[in-house]
Amino acid sequence: MNDSILNGRSISKYFGGLQALCRVDFDVESGVIFSIIGPNGAGKTTLFNLISGFDRDYEGEVVFEDEKITHNLPHAIAVKGVARTFQNVRLFNNLTVLENVAVGCHGWVSPRYARAIFGLKASRREERTIEAFAREMLAFVGLEGKDNDEVESLALGEQKLLEIARALAAKPRLLLLDEPGAGLNDREMDNLQEIIFKTKEQKITQIIVEHNMKLIMSISDQIMVLNFGTKIAEGDPQSILNNEKVIEVYLGKEKDLA
Amino acid sequence: MRSYFVVLPILIASILIFPLAFPDSYWITVLIYAGIYGLIVVGYDLLLGYCGQISLGHNGLFAIGAYATAIATTWFGWPSLLAIAGGIFITCLIAFVVGIPTLRLKGYYLAIATMGFGFIVEALIRTQFLGGSSGISGIPPLSILGYSFDTDRSYYYLVWTVVFLLVIVCLRIGETALGRSMKAVHTDEEAAACMGINVARTKIQAFVFSAALAALAGSLYAHYGAIISPNSFNIMLSVKLLLMLFLGGAGSIYGGLIGALILFALPEFLGHLERLELLLEGLAFMLILIFLPGGLVGGLNKLLRLK
């Protein structure tokens, strides 16, 4: 037993001969905002794909809430309480905004044929529950009133928020955000930061992969730095900023940014 | 507003009064067959229009339902309802077993694999054991609790009642979480899985459900015709299902019915130009996909600004 919600044990991943992750260990404490940074190709998204079960071809162990989820299928991991967003927005374009969020609820309602066919009342109740919760999540990210819009009619910033709402609709205890800030303008960035803090207040642990140093430094409790698949540093924002290895990798860039 | 609130009542009313306006039994027969094929298309729409999984093997599922019913009634003397239930059960079982490996495939691989299944079934029903090319004859009329549906008109109402009941069932499935799950799987399987949707199960369920409807249609087909032969169950049937679905509008559930009605009525209007049938169907196929990818229902929705 421990206070951590997610543990990675000696995780290695190869793409052919290329080592994308090399024996990475990490512990994410429950309730924190844990950020993963590093140059392009450092293995950040790869790590997300392993945790969420997207990619099951790796070595090592992933433990979520003291339960091994190594090599589990993505839907099984999602049902256990891990939700994620995608670097390149992956919404369901054939569904409306509200329906997209509703899909997020499907893990905990587990829809059944018998209920849909015979249980008129039960399935109405189920639909109402889903709809109410989906609306709540839309409001949470500030997209209320866009329920029936087409996904493609939303601006990129709104689509990114919609993905967060969809992930939150799954009632996760761990949320993986893959570059939530990419492509956002300053105003949207402030809004995103607020949503991340609000999510933290809900006691949802967040792991965030992000390039925007300003955002990372102001929201993170703990930061892990990856470079070419190897963990080179871990600590609170201040210690990361003063870490020589990190400065070397970033060529002193974050000193200016901070 | 949903377009089926407008179209379905009109469709139901038209079907209801049609035999009164056209008592000619020939037309009734045409519409009975349209209803039977429409029933397959309705289930097929959940699989293809909603879930995005193509099957070119539904002729095989239809055949299994028809042959199971024919064998149960003629060889073993089972009552109709039991024979139909048996047909549906065995078809679902086979669909389940076939679906597990094949539904892992995507796109045209899935199309070709399911087509292979259709060929296997066709080959099996051509064996002498199952009556060879002359098939099975002497299937008794459908009777439920002593009432025999032995007139065209009674059978017409029976078939269309079943069709509309199942349209409502499929609309319910499509409009609730199950339908959304299927649509999510259709667009992005991986993203759907990350939302907690069991993608493999969603596909299998849709396949088995559509198989159940195909089997039911097969049973109704066998009981109506009293004789079934392998020629009614070849790959062309699956191709026609596709045409009916896309002509009517995939993803609308009831659109396939409109497609089936048009496709069955069309040859009757052609008269001695019957040879043009294939040509016109082919042309319709191409024009619809190019100009009206949402089918007639999709076009209507755009016109009336409905959902």
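No experiment lies behind these values; they were computed from the predicted model shown.

### Digging into the overall build of chain B
Counting its regular elements, chain B contains 13 helices and four strands. By the compact-globule yardstick of 19 Å for 307 residues, chain B fits well, its C-alpha radius of gyration being 19 Å. Each principal axis of the C-alpha distribution contributes one length, and for chain B these read about 50 × 45 × 40 Å. Here the analysis covers contacts within chain B between residues at least 6 apart in sequence; of these, 78% occur between residues at least 24 apart.

### Things to note about the interface of chain B and chain A
Tallying the contact residues gives 24 residues for chain B and 30 residues for chain A. Elements represented by at least two residues in the side of chain B that touches chain A include exactly α6 (152-175), α7 (177-187), α8 (189-194) and α9 (199-225) of chain B. Partitioning the side of chain B that touches chain A into residue classes produces 12 nonpolar, seven polar and five charged.

### Looking at the sheet that holds strand β7 (residues 174-178) of chain A
Within a beta sheet, neighbouring strands are joined by backbone hydrogen bonds and run either parallel or antiparallel to one another. Residue and element names in this part refer to chain A. Spatial strand order, β6-β7-β8-β3-β9-β10: six strands in an open sheet with mixed pairing. The open sheet has two free edges, formed respectively by β6 (82-84) and β10 (230-235), since each of these has just one partner strand. Between one strand axis and the next, the sheet turns through 20° on average, direction left out of account. Sheet contacts for helix α1 (residues 44-51): β3 (33-37), β6, β7, β8 (205-209) and β9 (222-227); angle to β7, the most-contacted strand, approximately 145°.

### Overview of the packing of helix α3 (residues 58-74) of chain B against helix α4 (residues 80-102) of chain B
Residue and element names in this part refer to chain B. Relative to each other, α3 and α4 sit at 140°, their axes nearing to 8 Å. At the point where α3 passes α4, the crossing takes the right-handed sense. Residues Leu61, Ile64, Gly65, Ala68, Thr69, Ala72 and Thr73 of α3 form the contact with α4, whose own contacting residues are Ser80, Ala83, Ile84, Gly86, Gly87, Ile88, Ile90, Thr91, Ile94 and Ala95. Across the contact of α3 with α4, the residue classes tally to 10 nonpolar, seven polar and no charged.

### Some details on the domain arrangement of chain A
Residues and elements named next belong to chain A. Here chain A is described as being made up of domain 1 (1-81 + 172-258) and domain 2 (92-169). Listed as interface residues are 13 residues of domain 1 and, on the opposing side, 10 residues of domain 2. Within the residue set of the side of domain 1 that touches domain 2, elements represented by two or more residues are α2 (74-80) and α8 (186-201). Residue composition of the side of domain 1 that touches domain 2, by class: seven nonpolar, four polar and two charged.

### Side note on the environment of alanine 226 of chain B
Residues and elements named next belong to chain B. Tracing the backbone shows alanine 226 in the loop between α9 and β4 (227-228). Considered as a pair, alanine 226 and leucine 213 are 13 residues apart in the sequence and their alpha carbons are 20 Å apart. Residues within four places of alanine 226 in sequence aside, it is in contact with Ser137, Gly138 and Ile139.

### Considering the pairing of strand β2 (residues 18-29) of chain A
All names here are of chain A. Relative to β2, strand β1 (residues 4-15) runs antiparallel, the two being bridged by eight bridges. Considered in β2, the bridge of tyrosine 14 is made with glutamine 19. Between the end of β1 and the start of β2, which pair antiparallel, lie two residues, with glycine 16 showing a positive phi angle near 65°.

### Let's talk about the nonpolar core
One broad rule of soluble globular proteins: the nonpolar side chains tend to lie buried together. Core analysis: the largest hydrophobic core is formed by 174 residues, its most contacted members being Ala165 of chain A together with Ile40, Val41 and Ala217 of chain B. The greatest single-element share of this core, amounting to 16 residues, is contributed by α9 of chain B. Here this core gathers at least three residues from each of two domains, domain 1 (1-81 + 172-258) and domain 2 (92-169) of chain A. Look past the residues within four positions of alanine 217 of chain B in its chain and what remains in contact with it is Ile36, Leu39, Ile40, Phe62 and Gly65 of chain B.

### Focus: the sheet that holds β2 of chain A
All names here are of chain A. An order of β2-β1-β4-β5 is seen for the four strands of this open sheet, with the pairing classed as antiparallel. Only two strands of the sheet have a single neighbouring strand rather than two, namely β2 and β5 (67-68). In this structure, β1 lies alongside strand β4 (residues 59-64), joined through five bridges in antiparallel fashion. Paired with glycine 8 across the strands is valine 62, a residue of β4. Packed on one face of the sheet, α1 meets β1, β2 and β4 and runs near 65° to β2.

### Focus on the confidence of the model for chain B
The predicted model of chain B has a mean per-residue pLDDT of 93, with 99% of residues at 70 or higher. We note a pTM of 0.92 for the whole complex and an ipTM of 0.90 for its interfaces.

### Focus on unusual backbone geometry
Among all residues save glycine, negative phi is the norm, and among peptide bonds the norm is trans. Residues and elements named next belong to chain A. A positive phi angle is found at glutamate 65, which is not glycine, with a value near 50°. Residue class for glutamate 65 comes out partly exposed when judged on the 16 C-beta atoms lying within 10 Å of it. For lysine 203, which is not glycine, the phi torsion reads 65° and is therefore positive. Here lysine 203 lies in the loop between α8 and β8. For lysine 203, a count of 9 C-beta atoms within 10 Å translates into the label exposed.

### Description of the pairing of β7 of chain A
Residues and elements named next belong to chain A. Of all the five residues making up β7, five are buried; the element is thus mostly covered by neighbouring parts of the structure. Burial along β7 is two-sided: Leu174, Leu176 and Asp178 facing one way and Leu175 and Leu177 facing the other are all buried. As paired strands, β7 and β8 are joined by five bridges and run parallel to one another. Following the sheet pairing, leucine 175 is matched in β8 by glutamine 206. Where the polypeptide runs from β7 across α8 and back to β8, its parallel neighbour, the crossover connection is right-handed.

### A look at α1 of chain A
Residues and elements named next belong to chain A. The element α1 is extensively covered by neighbouring structure, given that eight of its eight residues are classed as buried. Residues of α1 that are buried include every one of Lys44, Thr45, Thr46, Leu47, Phe48, Asn49, Leu50 and Ile51, and no others. Where α1 ends, the next residue or the one after it, glycine 53, has phi of about 85°, a positive value.

### Points about the environment of isoleucine 100 of chain B
Considering the arrangement of structural elements, one finds isoleucine 100 of chain B in helix α4. With 179 residues separating them along the chain, isoleucine 100 of chain B and leucine 279 of chain B place their C-alpha atoms 37 Å apart.

Rules of the game
- Residues numbered from 1 in each chain as written.
- Chains lettered and ligands numbered in written order.
- Predicted model: local features only at pLDDT ≥ 70, side-chain atom pairs only at ≥ 80, totals over all residues.
- Helix = DSSP H or I, 4+ residues; strand = E, 2+ residues; numbered from the N terminus.
- Rg over C-alpha atoms; globule rule 2.2 N^0.38 Å.
- Contact = placed C-beta atoms within 7 Å.
- Nonpolar A, V, L, I, M, F, W, Y, C, P; charged D, E, K, R; others polar.
- Pairing = 2+ DSSP bridges.
- Axes fitted to C-alpha atoms, helices over the stretch in contact; angles between N-to-C directions.
- Left-handed = near helix turned anticlockwise from the far one by under 90°.
- Domains from an automatic or database assignment.
- Core = buried A, V, L, I, M, F, W, Y, C linked by C-beta atoms within 7 Å.
- Buried ≥ 20, exposed ≤ 12 C-beta atoms within 10 Å, placed from the backbone.
- pLDDT = per-residue confidence, 0-100.
- Right-handed = clockwise from strand over helix to strand, strands pointing away.

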